[in-house]
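Read off the chains here:
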Amino acid sequence: MKPRFLKHIVFNSISMGFTIKWIFIVVVIVAELSVIETTKDFISKYKRYNTLCRELGYERKTSGSSDNEIIAFYAQLSADQWNLHANAVVVFGRMILNSGSAYDANTGIFTAPKKGTYVFTWTMLSAQGKHFHTTVVLNGMVMGYNFVDGRTGNSHNASGTSSAIIKMKKNDKVWIRTYNRFGEFAYKTWASFSGYRL
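Everything in this summary refers to the structure shown in the same document. Model, not experiment: these values are computed from the prediction.

**Observations concerning the overall build of the protein**
Part 1: Across its full length, the protein carries two helices and eleven strands.
Part 2: Listing every helix and strand of the protein by position from the N terminus yields α-α-β-β-β-β-β-β-β-β-β-β-β.
Part 3: Contacts in the protein between residues at least 24 apart in sequence constitute 70% of all its contacts with a sequence separation of at least 6.
Part 4: Within the structure as shown, the protein displays about 13,500 Å² of accessible surface, and the carbon and sulfur contribution to it stands at 59%.

**Concerning the environment of Ala191**
Part 1: The residue Ala191 is located in the loop between strand S10 (173–186) and strand S11 (192–197) in this model.
Part 2: With 110 residues separating them in the primary sequence, Ala191 and Gln81 have C-alpha atoms 10.0 Å apart.
Part 3: If we ignore the near neighbours within four places in the chain, the residues touching Ala191 are Ala75, Gln76, Leu77, Phe92, Thr123 and Met124.

**Details of the sheet that holds strand S1 (residues 72–76)**
In sheet architecture, strand pairing relies on hydrogen bonds along the backbone and comes in two forms, parallel and antiparallel.
Part 1: In space, the five strands of this open sheet follow the order S3-S1-S11-S6-S9, with antiparallel pairing throughout. Each of the sheet's edge strands pairs with one partner strand only, and the pair in question is strand S3 (94–99) and strand S9 (158–168). Each strand axis lies, on average, 5° off the axis of its neighbour in the sheet, ignoring direction.
Part 2: Strand direction decides the pairing type here: S1 and S3, joined by five bridges, are antiparallel. Bridge pairing links Gln76 to Arg94 in S3.

**Quick notes on the packing of aromatic side chains**
Part 1: Taken as a whole and assessed by the stated rule, the structure comprises eleven aromatic pairs.
Part 2: Ring centres of Phe92 and Phe193 lie 5.5 Å apart, and the angle between their planes is 45°; this geometry places the pair in the tilted category. With a gap of 101 residues between them, Phe92 in the loop between strand S2 (81–84) and S3 and Phe193 in strand S11 connect regions that are remote in the sequence. We note that Phe92, like Phe193, is buried.
Part 3: Among the aromatic residues, those joined into a ring-pair cluster are Phe73, Phe92, Tyr103, Phe110, Tyr118, Phe120 and Phe193.

How each quantity is defined
Per-chain numbering applies: the sequence of each chain, read as written, is numbered from 1 onward. Local features are withheld for residues below a pLDDT of 70 in this predicted model, meaning they are given only at 70 or higher, and side-chain atom pairs are given and counted only at 80 or more; totals for whole chains, interfaces and linings count all residues. As a convention, hydrogens and water are excluded, and side-chain values are obtained from all of the structure's heavy atoms. Here a strand is any run of E in DSSP of at least two residues, a helix any run of H or I of at least four, and the numbering for each starts at the N terminus. Should any heavy atoms of two residues lie within 4.5 Å, those residues are considered in contact. Surface accessibility in these figures is a Shrake-Rupley result with a 1.4 Å probe; residues are shielded only by whichever protein chains are displayed. Pairs of strands are assigned from DSSP output, requiring at least two bridges between the strands. In this analysis an axis means a line fitted to C-alpha atoms, helices contributing only their contacting stretch, and an angle means the value between N-to-C directions, from 0 to 180 degrees. Put simply, two rings from Phe, Tyr or Trp (the six-membered ring, in Trp's case) pair if the centres are within 6.5 Å, and we call them stacked under 30 degrees between planes, edge-to-face over 60, tilted for the rest. The cut-offs for exposure are 20% and 50% of the maximum accessible area for each residue type, with area from a 1.4 Å probe on protein chains only; residues under the lower value are buried, those over the upper are exposed, and the others partly exposed.

Laid out in structure tokens, this is it:
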């Protein structure tokens, strides 16, 4: 038979351990509650982080944002081109792709829907004994050339492909036009104009 005081010590030890456990749980909960941010604190920190990121040069982009929209087009000539006059717009009227709807197949003009850096490539094919020289222009200013000359004495058609990387503002316009009076002949099937925003 155990002495009575031993039962009392065992019971008090169990009771004390239980009490210490509850005190510990309450301390943990109070500590957690003290670090919970209010909505106002969260918004304040968020704004500070955004400001810091912008100062470091980062741009804000989110999925589904219109800034992430793909801008790209690809068009071909819809008919052979004969004897175009000086600085005539070469209209690539057969639309293959027009993501972002920035290229007008009726006028041959690409209008930037937003500022950015754009890449343009165009290919021309002329017949033996003919020539077709073109330029790419930004708002009327020449940015690149494409020289296609089938008059060099060989027995083949002549082709040429050129590219230009152009920084554009919103609503700037780019198109392909003949260089001076050298738009003698171009095959429709082999001529194309494409572009996209980096």
